[in-house]
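Examining the three-dimensional arrangement
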Amino acid sequence: MTTVVVVKKAGQVAIAADTLVTFGDTRLGQRFEDNSKIFRVETPAGVSFIGMAGTVAHFPALRMAMAALPQDQLLLHSKDEVFTTFTKLHPVLKEGFFLQTKEEDNDPYESSQFSVLVANNSGIYGLYSYREVFEFKEFWCIGSGRSFALGALHASWGSSKSARDLAALGVQAACEFDKNSGGPVDVYTLKLKK
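Residues numbered from 1 in each chain as written. Predicted model: local features only at pLDDT ≥ 70, side-chain atom pairs only at ≥ 80, totals over all residues. Heavy atoms only, no water.

Some points on the pairing of strand S1 (residues 3-9)
Along S1, seven of the seven residues are buried, which leaves the element largely enclosed by surrounding structure. Of the two faces of S1, the one holding Thr 3, Val 5, Val 7 and Lys 9 and the one holding Val 4, Val 6 and Lys 8 are both buried throughout. In this structure, S1 lies alongside strand S2 (residues 12-17), joined through six bridges in antiparallel fashion. Along S2, the bridge assignment pairs Val 6 with Ile 15. (Buried < 20%, exposed > 50% of the residue type's maximum accessible area, 1.4 Å probe, protein only. Helix = DSSP H or I, 4+ residues; strand = E, 2+ residues; numbered from the N terminus. Pairing = 2+ DSSP bridges.)

Overview of the layout of surface pockets
Its boundaries defined by the atoms lining it, the largest pocket holds a volume of some 300 Å³. Val 21, Asn 35, Lys 37, Val 56 and Phe 59 are the residues nearest the centre of the largest pocket, which is lined by 17 residues in total. (1 Å grid on protein atoms, 1.4 Å probe; cavity = no way out; pocket = protein on both sides within 12 Å on 5 of 7 lines; lining within 4 Å. Points joined across faces, edges and corners; volume = space filled by probe spheres on them.)

A closer look at the packing of helix H1 (residues 58-68) against helix H2 (residues 79-97)
When two helices pack together, their arrangement is given by the angle between the helix axes and by the axis-to-axis distance. One way to put it is that H1 packs onto H2 with a least axis distance of 10 Å and a crossing angle of 115°. Between H1 and H2 the crossing geometry is right-handed. Contacts between H1 and H2 pair Ala 61, Leu 62, Met 64, Ala 65 and Met 66 from the former with Phe 86, Leu 89, Val 92, Leu 93 and Phe 97 from the latter. Considering only residue class, the contact of H1 with H2 consists of 10 nonpolar, no polar and no charged. (Axes fitted to C-alpha atoms, helices over the stretch in contact; angles between N-to-C directions. Left-handed = near helix turned anticlockwise from the far one by under 90°. Contact = heavy atoms within 4.5 Å. Nonpolar A, V, L, I, M, F, W, Y, C, P; charged D, E, K, R; others polar.)

Looking at unusual backbone geometry
A cis geometry characterises the amide bond from Gly 183 onward to Pro 184, with omega recorded as 5°. Within the secondary structure, Pro 184 is located in the loop between helix H4 (163-177) and strand S11 (186-191). Notably, Ala 10 is not glycine yet its phi reads approximately 55°, a positive angle. Within the secondary structure, Ala 10 sits in the loop between S1 and S2. The phi dihedral of Arg 131 is positive, around 70°, even though this residue is not glycine. With respect to the secondary-structure elements, Arg 131 resides in the loop between strand S8 (123-127) and strand S9 (133-136). Its relative accessible area of 9% is what places Arg 131 among the buried residues.

Here it is in structure tokens:
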């Protein structure tokens, strides 16, 4: 699967991810494929970095669906903006990219089938299958290695001053212990808006 980490500390936001793709028992490392799990999006309010966990098919579908939205509708700088943007993206993903939305018979809403982390100069956000949005105060992780990354972040929070160092450390811990995460690690940072 993957590990993606977002961190907000000392006036900086960082997002980091491993670069390994797995197919069952087969591992496809960066030597054989450029497996970036983070992509950059230009919005009216500035740059956002998007990191995802889930099937590899989500990555081009979400990138292309976001590119198809009118620029004034691509808003990611608050909880409500993330929710509204992904609500607008949902029918585009269903109709244009054939997203299967059903998980279980008693689902309260149609699922988008992925987990996303967003980092930008306004903060760090998480979005889940039913378009639940969270704004994190310090850090968060998604993917199969999230438990290892969360533990490393919690243990290192007080001793590290840099959001970038913490984000990389979290993913490196996941790469060490999670069989579905592997390096190298991609890390992107932005200055937090005051």
